[in-house]
Each structure stands twice: as structure tokens, then as C-alpha cells.
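Breakdown of the fold
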Amino acid sequence: MTAKTPADLRDQVRGQVIVEGDAGYDAARKVHNGMIDKRPAVILRAANAGDVMTAVNFARDTGHDLSVRGGGHSGPGFGTNDGGVVIDLSLMRGVRVDPKAQTVRAEGGATWGDFNSATHAFGLATTGGIISTTGIAGLTLGGGIGYLARGHGLSLDNLISADVVTADGKMLIASETENADLFWAIRGGGGNFGVCTSFEYKLQPVDTVYWGPMFYEIDETETVFRFFRDYIKTAPREMGAFPAFQIAPPLPFIPENRHGDMFCAIVACWSGDPAEGEKQFKAFHDVAEVKAEHVGPLPYPAINAAFDGLYPTGIRQYWKGNFVKELSDEAIAAHVRHGPNAPTVSSTMHLYPINGACHDVDSDATAFGHRDADFAMVVLAASDDPAADSAHTKWVRDYSDAVAPHSEPGGYINFMDDDDGGRVRDNFGGNYDRLLKLKRHYDPDNLFRHNQNIAP
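As the structure is a computational prediction, the values presented were derived from the model and not from experiment.

The rules behind these values
- Residues numbered from 1 in each chain as written.
- Predicted model: local features only at pLDDT ≥ 70, side-chain atom pairs only at ≥ 80, totals over all residues.
- Heavy atoms only, no water.
- Pairing = 2+ DSSP bridges.
- Helix = DSSP H or I, 4+ residues; strand = E, 2+ residues; numbered from the N terminus.
- Axes fitted to C-alpha atoms, helices over the stretch in contact; angles between N-to-C directions.
- Buried < 20%, exposed > 50% of the residue type's maximum accessible area, 1.4 Å probe, protein only.
- Contact = heavy atoms within 4.5 Å.
- Expected span 1.5 Å × (residues − 1).
- Salt bridge = Lys/Arg side-chain N within 4 Å of Asp/Glu carboxyl O.

To continue, consider the sheet that holds strand β3 (residues 66-69). Taken in spatial order, the 4 strands make up an open sheet running β1-β2-β4-β3, and their pairing is mixed. Lying at the two open borders of the sheet, with one neighbouring strand each, are β1 (16-19) and β3. Put simply, the sheet's adjacent strands are angled 20° from each other on average, direction ignored. Summarising the sheet, strand β2 (residues 42-45) and strand β4 (residues 85-88) pair through 4 bridges and their orientation is parallel. Opposite Leu 44, over in β4, you have Ile 87 as the bridge partner.

Pasting the structure below:
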């Protein structure tokens, strides 16, 4: 029988049902972005896929809004709501590696830290993000950009199958051979089509990498960006690197008298033979004088956690992003004007390359709609100070507006904030119409609408 009340729900699930007034409610309702402060009516920490099916039926049949939370890193806070139901997958974090087949099955609440720890034991990895506390689910469903993307494609390009609970409360296997249209849609369509309770990925032999950030004087920004634009076009696919702006944190490898100064940076990862790393990094040292760096061989999971301290749970965040086909001189000039004004040590612009293996996949082979882009840009302001929200948001918007004329109309959905609803069609690009048709089939009443929503 379908649950009608939270009490009914408690009787029908294995996991934890939390409502206002329960011990732990305030902790359970929090998401990663400290700017989000919402009070759902019911939070279900699901223990298994059956719990998820029960919760989907409960939300649908009682008319509640429904949010799905994996790692909880959604910038707009889509993993929660006011007065509705939250399916929290954080208890479902199992990861099982098949080293012989070089595949892995991970539950929908797993983070990249969970994932990389399990796969690294076998000297294997797949493309993930750059913050270890990020959930595998949200990153993969939106695309999955990371250090390994140029060599091994997006996270979604490594997806073999997924278990999906759809709006009718049924569990479907989505793969190339089962429910292939749904499999196409979840690879880039975000959370619009259901709750993914587990993911199966192919893995690559990646163990120790040569990695690190290199800091340049801020007045070298134009030189560094022009170099990077030309270099990354033909760089070996084992090279994952991106330019950024960074206020120097108080770390030992940075001269103490430069702590707090703004730098232009390149963060690079060589995933080939680590012994070749120093040779491969030579180009980054030749372009301009490196004022501080922390480079060398590291286990792959370590680089995925290197920036975690800059983005702890509860930090206040605001995001914008664009796809970029060509990093023009005019675009670089806009970066030179705005990037150095990043307001805090946790505020930045990253320009991720998505050429190489990302371009090997046809634009209509998955729902990810911008295979012709060479870069995915994100501008992020983050701090602990609520009084600074307005000023920080303005910096992000001004920066984004300045580079928009030199970018594509759409951006990476994982970099969008809650005021980007008007960009949805552009964000999904040429695949939007097919996604809309599939949304009408799998979720005609738009139960899964707390996302970059394809409204049916």
C-alpha cells in the first residue's frame, strides 16, 4: 500500500524518516551550500532502492514536491525544498570493483572520495570531479568534467548502466541494451528522469599521477591564457590542466609574504607515466616565471581531495558557467579585467578543457549537448560571510556577463544556479527537443523538477 503519512512511510521503509521536531532534523535538512536554508516536511535517508521506490510513490500520491540528494553539492540547493519530500541517498554509498572486467558498481549516494578510494586499491579510476565530497550522481548525470576528461571522456561517457527509479515508482535498468532511450537521456539530462540508485562505470588504469598548481604573477594572466589556449589544442590527452585565479592561501609552498596575494594559476594533471611528469610540465614553466608551486607524483585520490579545504560543507556559494568554443583575445581581455577581482580565497574562475576524448563522441550520442565546445568555464564566489552575499553575487554576474559575448549561449548544467532557468534550452543545446519528448514520456507531471528543469 502507498504511504499516506510520514508514519506510514516509517512503517514501509528500512531507512530513516525524519520530520521537523525529530532529533537531527536540522542537520539532515542542510546541504553543502550555506546560502540554502529550507525546511522539507519529510526527509527519507534511504537504505536501499526499495526505499526510494516507496518515497517516490509517497511524494507523487500525496502531492508533495520531491527533491533528490546525492552528495548535496548542487549549487542552487536542488537537493532540498520547503514543505516537500527529500530522498537523501547518503546511506547508499557502497562501491564494488570488478578488477578483472575493469568496471565498478557504485550506489547513488557515493561521493567521488568513496569511489576513488575503492577503485584506487586496484590501480583504476574514471573521470570524476575535483572535490572529493561531490556526489557521483549529480556530476555524472550532468556530464562529469574532471582531470581525466581529455584522455577518457566525461564521467557519463564511462557509464555502462544505471538503475533508475522513474516517476511511476518502478525500477528500470538503463543501458545501451535496456531502455536505451532513458540511458541516452540520463547521460547529460540531469535529474529530470528519475532517481539513479546505482551506476556502473568502466574504469581505466590510472594510479599515480603527476599533479600540482603553479602560480604566476597576476600581470602574466594574458600571457598564460594565450599560451594555454594554443597549448591545450594539441597537448597529449594524458594532460588535464586548467587556468584559474587564486588568492594565495597560507600554505608552506607559498612564500609567507605572498599569502593573500592574487595569482594567475594553472592546475595540471599528467595521468601518463609519472616519471614523465616533470618533462610534461616544462611547458608551464617556460611560459612565465612560476612564483610558487606544489607539483609532483601523487595517488589519484589525493588530487581529487586537494581543494576540499577551500569548499567545506556550509560555505556560501554562487555559480555561473558558459561553454566556450574558442578562447578569443577578447575573451581573454574580459578574464584579465574580472578574474583578479575574485573576492575571497574560495572564489575563482576555472576554465576546464573538454576537447580530446570528449570530442570523440558524436553530439547526439548522449544528451550532453555541447560536444563542439573546447572549454567549460565556471565562475564561483564562496565565503562564510552572509553580509557579503550581494557583493559576491555581483562579481560572479558581472564576470559572466563580460565573457558571455565570447561564449556559447548555453553552459554546463552542473555550473548553473537557481536563476538560470531561462537558459535551460540553450544549456541542453541541440538535444533539447529529444529530451523534452522523453521527459513527457517518463515524467509527464514533472515530479522531478528540482533540477535544471525540462518542463514537460
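This part covers the pairing of strand β9 (residues 171-175). Inspection of the sheet shows strand β8 (residues 159-165) paired to β9 by 5 bridges, in the antiparallel sense. Its bridge partner being in β9, Val 164 is matched across the sheet by Leu 172. Linking β8 to β9, which pair antiparallel, is a turn of 5 residues; within it Gly 169 sits at a positive phi near 80°.

The topology assignment puts Met 214 in strand β12 (residues 208-217). Looking at Met 214, the relative accessible area reads 0%, which means it is buried. Residues Met 214 and Leu 141, spaced 73 residues apart in sequence, show a C-alpha to C-alpha distance of 31 Å. Contacts of Met 214, omitting those with residues within four sequence positions, involve Cys 264, Ala 265, Ile 266, Ala 268, Phe 281, Phe 284, His 285, Val 290, Ala 292, Glu 293 and Val 295.

What follows deals with the side chain of His 392. Here His 392 shows up in helix α13 (residues 389-403). For His 392, a relative accessible area of 12% translates into the label buried. Excluding its chain neighbours within four sequence positions, the residues that come into contact with His 392 are Pro 343, Thr 344, Ala 381 and Ser 383.

The next thing to look at is the sheet that holds β8. Read from one edge to the other, the open sheet built from 5 strands follows the order β5-β6-β10-β8-β9, with strand pairing classed as antiparallel. Every other strand in the sheet has two partners, leaving β5 (95-98) and β9 as the edge strands with one partner each. Between one strand and the next, the sheet's axes are offset by a mean angle of 15°, whatever the strand orientation. Pairing of β8 with strand β10 (residues 195-202) involves 6 bridges; the strand directions are antiparallel. Looking at the pairing, Ser 161 lines up with Glu 200 of β10.

Turning our eyes to something else, we now look at α13. Spanning 15 residues, α13 covers 22 Å between terminal C-alpha atoms, matching the ideal 21 Å at 1.5 Å per step. Of all the residues in α13, the buried ones are Asp 389, His 392, Thr 393, Trp 395, Val 396, Tyr 399, Ser 400, Ala 402 and Val 403. In this structure, the buried side of α13 is in contact with β13 (239-247), β17 (316-324), α12 (329-338), β18 (348-353) and β19 (375-383).

On to the pattern of salt bridges. In the structure shown here, the tally under the stated rule is 32 salt bridges. Of the charged contacts, one joins Arg 371 and Asp 157 as a salt bridge, the two residues approaching to 2.7 Å between their closest N and O atoms. Within this pair, whereas Arg 371 is found in the loop between β18 and β19, its partner Asp 157 is found in the loop between α6 (149-152) and β8, the two being separated by 214 residues in sequence. Judged by its relative accessible area of 17%, Asp 157 is buried. Residue Glu 222 is joined to Arg 226 by a salt bridge in which the shortest nitrogen-to-oxygen separation is 3.0 Å. Of this pair, Glu 222 and Arg 226 both sit in helix α8 (residues 221-234), 4 residues apart, roughly one helical turn. On the basis of relative accessible area, Glu 222 is assigned to the partly exposed category, the value being 40%. Here the residues in one salt-bridge network are Glu 20, Asp 26, Arg 29, Asp 37 and Arg 39, joined through shared partners.

These figures capture arrangement, not role.
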